[in-house]
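Each chain, letter by letter, is given below.
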Amino acid sequence: MRVDIISIFPDYFGPLELSLIGKARQTGRLDVAVHDLRTWTSDVHRTVDDTPYGGGPGMVMRPEPWGQALDAVGPGTLVVPSPVGKPFTQADAHELASLDRLIFACGRYEGIDQRVIDDAADRMPVREVSLGDYVLFGGEVAVIVIMEAIVRLLPGVLGNADSLTEESHAAGLLEAPVYTKPASWRSRDVPEILRSGDHGRIARWRRDQSLLRTASRRPDMMSVYPVDDLDKADRKTLTEGGFQITPPSVAK
């Protein structure tokens, strides 16, 4: 996968040299190029922003340097982190991980002139995405987060590919609690069932914990979980946990 990142703070992306992303780059599974937007400015002050039309606080990133940058770096799928974007999900990570070429545009201030996004959409796919209902200083942190979500899905990046099938959001639920040695720590014991060696009971316990954790912490996820995928044991777990199953469906 080839990734180009355009930002006025290219040094922000030092962390992409570390950990599994760094290893993916070293092994050739990932090719990352970070570009300074100011390269495409034409004035002595290397200006990338100006006051907004219509008035209001803050500054808006000018279209000229962005247009030239995207002309030089593109084409590819353009990803623009923005608080007005579509919420970024695990499904989006999988979709982007399947592509060969991504371009990230890191906005700052009040954002990028809308004409840049509209113009880019005439010649390449554009995805405006949001990490959540809050506002950051700029898109750099969001790009690092999105990169982590994408790169770990690339073939060969994770040592154990099975980890991808058992983690939170992989099957529409949050992951069950995890434990390791020692069996007792500060008077807190690892649940006996996880030390029992009974893989059937362990699988049922993890499924129960996953259902209860999702229903408690992310009712929005539980509300859209396919009801017909809940078997009789699932329904019993949720009902005994005080959660109502809606809409009603015939138990398996």
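An unreviewed UniProt entry lists the chain under the name tRNA (guanine-N(1)-)-methyltransferase, from Paractinoplanes pyxinae. The Function (unreviewed entry) field of the UniProt record for the chain holds the comment "Specifically methylates guanosine-37 in various tRNAs."

**Student:** Explain the overall build of the chain here, please?
**Tutor:** For the chain, the helix and strand inventory stands at nine helices and nine strands. A principal-axis box enclosing the C-alpha atoms of the chain has dimensions of 70 × 40 × 35 Å. For the chain, the residues scored as buried account for 39% of the 252 residues in total. In the chain, once contacts between residues fewer than 6 apart in sequence are set aside, the share between residues at least 24 apart is 70%. Of the roughly 14800 Å² of accessible surface on the chain, a fraction of 52% belongs to carbon and sulfur atoms. Positive and negative side-chain charges in the chain, numbering 29 and 36 respectively, have mean positions lying 8 Å apart.

**Student:** Just checking my understanding: could you explain the packing of helix H2 (residues 63-73) against helix H4 (residues 114-121) for this structure?
**Tutor:** Two measures define how a pair of helices packs: the angle their axes make with one another and the distance between the axes. In contact at an axis separation of 9 Å, H2 and H4 are set at 25° when each is read in the N-to-C sense. Between H2 and H4, the angle falls in the class roughly parallel. Both H2 and H4 take part in a crossing whose hand is right-handed. From H2, Pro63, Trp66 and Leu70 reach across to H4, where they touch Arg115, Val116 and Ala120. Its residues placed into classes, the contact of H2 with H4 shows five nonpolar, no polar and one charged.

**Student:** Mind showing me how you'd approach helix H7 (residues 199-217) here?
**Tutor:** Along an α-helix, a turn takes 3.6 residues, which lines up residues three or four apart on a common side. With 19 residues, H7 extends 26 Å from end C-alpha to end C-alpha; this agrees with the ideal 27 Å at 1.5 Å per step. Those residues of H7 lying buried are Ile202, Trp205, Asp208, Ser210, Leu211, Thr214 and Ala215. Contact partners of the buried residues in H7: helix H8 (219-223) and helix H9 (232-240). The N-capping residue of H7, defined by a side-chain oxygen 3.2 Å from the backbone nitrogen of glycine 200, is aspartate 198.

About the criteria used
- Counting restarts for each chain: residues are numbered from 1 in the order of the written sequence.
- Note on the predicted model: pLDDT of at least 70 is required for a residue's local features to be given, and 80 or more for side-chain atom pairs to be given and counted; whole-chain, interface and lining totals, by contrast, use all residues.
- Only hydrogens and water are set aside when side-chain values are computed; all heavy atoms of the structure are taken into account.
- UniProt positions are given in the numbering used here, feature names are shortened, and annotations may be inferred rather than shown by experiment.
- Only DSSP runs of H or I covering at least 4 residues are called helices, and only runs of E covering at least 2 are called strands; the numbering of each starts at the N terminus.
- Throughout, exposure labels follow a simple rule: accessible area from a 1.4 Å probe, protein chains only, divided by the maximum for the residue type, with under 20% read as buried, over 50% as exposed, and the rest as partly exposed.
- Contact between two residues is taken to exist if any of their heavy atoms lie within 4.5 Å; hydrogens are not considered.
- The accessible surface values rely on the Shrake-Rupley method and a 1.4 Å probe; as for residues, cover is taken only from the protein chains in view.
- Only four residue types enter the tally: Lys and Arg on the positive side, Asp and Glu on the negative side; His and the chain ends are excluded.
- Charged groups are reduced to one reference atom each: NZ for lysine, CZ for arginine, CG for aspartic acid, CD for glutamic acid.
- A fitted line through C-alpha atoms serves as each axis, taken over the contacting stretch for helices, and the angle formed by two N-to-C directions is quoted from 0 to 180°.
- Orientation categories follow fixed angle ranges, with anything under 35 degrees roughly parallel, anything over 145 roughly antiparallel, 65 to 115 roughly perpendicular, and all other angles oblique.
- Handedness of a helix crossing follows the sense of rotation of the near helix relative to the far helix, less than a right angle counterclockwise being left-handed and clockwise being right-handed.
- Three categories are distinguished: nonpolar for Ala, Val, Leu, Ile, Met, Phe, Trp, Tyr, Cys and Pro, charged for Asp, Glu, Lys and Arg, and polar for the others, with Gly belonging to the last.
- To estimate how far a helix should extend, the number of its residues minus one is multiplied by 1.5 Å.
- The definition of a polar contact used here is a pair of N or O atoms within 3.5 Å, where within protein one atom must be able to donate a hydrogen and the other to accept one, and adjacent residues in sequence count solely through side-chain atom pairs.

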